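Each chain is listed here by its residues.
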Amino acid sequence: MMVLVTYDVSFDDVDGKRRLRKLAKACLDYGVRVQYSVFECDIAPDQWVKFKALLLSIYDPDVDSLRFYKLGKNWRNRVEHHGAKVAVDIFQDALIL
């Protein structure tokens, strides 16, 4: 299934930048960055449970925000891209990790 993961991390405390780096690294392990704090993750349901738990263990619910948009299997019909940044099709384009 395709899940869009977004986050907003507060820098009001000293750990904000650390949480931001940890969230970004975790998201890069499971998906493709499409904007600074937005990731497209094509993920199996069992992986999703682990990934979501990891993200929830990193963020601070008192000051940070996490959003998950589950686009499902037919996500290609639900996503439009316009603008300067080239969209990466994770199924058509070669990805080098």
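Just so it is clear, the model here is predicted, and its values are computed rather than measured.

Cut-offs and rules
- Residues numbered from 1 in each chain as written.
- Predicted model: local features only at pLDDT ≥ 70, side-chain atom pairs only at ≥ 80, totals over all residues.
- Heavy atoms only, no water.
- Phe/Tyr/Trp six-rings, centres within 6.5 Å; stacked < 30°, edge-to-face > 60°.
- Helix = DSSP H or I, 4+ residues; strand = E, 2+ residues; numbered from the N terminus.
- Buried < 20%, exposed > 50% of the residue type's maximum accessible area, 1.4 Å probe, protein only.
- Lys NZ or Arg CZ within 6 Å of the ring centre and 35° of its normal.
- Axes fitted to C-alpha atoms, helices over the stretch in contact; angles between N-to-C directions.
- Parallel < 35°, antiparallel > 145°, perpendicular 65-115°, else oblique.
- Contact = heavy atoms within 4.5 Å.
- Nonpolar A, V, L, I, M, F, W, Y, C, P; charged D, E, K, R; others polar.
- Pairing = 2+ DSSP bridges.

Engineer: Pulling in residues and values, what's your account of the packing of aromatic side chains?
Structural biologist: One pass over the full model with this rule turns up four aromatic pairs. Measuring from ring centre to ring centre gives 5.1 Å for tryptophan 48 and phenylalanine 68, while their planes differ by 85 degrees; the resulting arrangement is edge-to-face. Highlighted residues: tryptophan 48 in helix H2 (residues 45-58) and phenylalanine 68 in strand E4 (residues 65-72), separated in sequence by 20 residues. Its relative accessible area of 6% is what places tryptophan 48 among the buried residues. The exposure class assigned to phenylalanine 68 is partly exposed, which follows from its relative accessible area of 24%. The side chain of lysine 17 reaches across the aromatic face of phenylalanine 11, ending 6.0 Å from its centre.

Engineer: Tell me about the packing of helix H1 (residues 16-30) against H2, residues and numbers included.
Structural biologist: The contact between H1 and H2 brings their axes to 9 Å, and the two run at 170 degrees. It follows that H1 is roughly antiparallel to H2 by the angle criterion. Contact residues: H1 offers Arg19, Lys22, Leu23, Ala26, Cys27 and Tyr30, while H2 offers Gln47, Phe51, Leu54, Leu55 and Ile58. Of the residues belonging to the contact of H1 with H2, the class tally is eight nonpolar, one polar and two charged.

Engineer: How would you summarise the sheet that holds strand E3 (residues 38-42) if you had to cite specific residues and measurements?
Structural biologist: On the basis of which strands lie adjacent, the open sheet formed by four strands has the order E2-E3-E1-E4 and antiparallel pairing. Of all the strands in the sheet, just strand E2 (32-35) and E4 have a single pairing partner and so form its edges. In this sheet, neighbouring strand axes are inclined to one another by 25 degrees on average, regardless of whether the strands run parallel or antiparallel. Bridge analysis of strand E1 (residues 2-8) against E4 gives seven bridges, and the strand direction is antiparallel. The partner of aspartate 8 across the bridge, within E4, is serine 65. Packing against the sheet, H2 makes contact with E1, E3 and E4, and its axis sits at approximately 165 degrees to E4.

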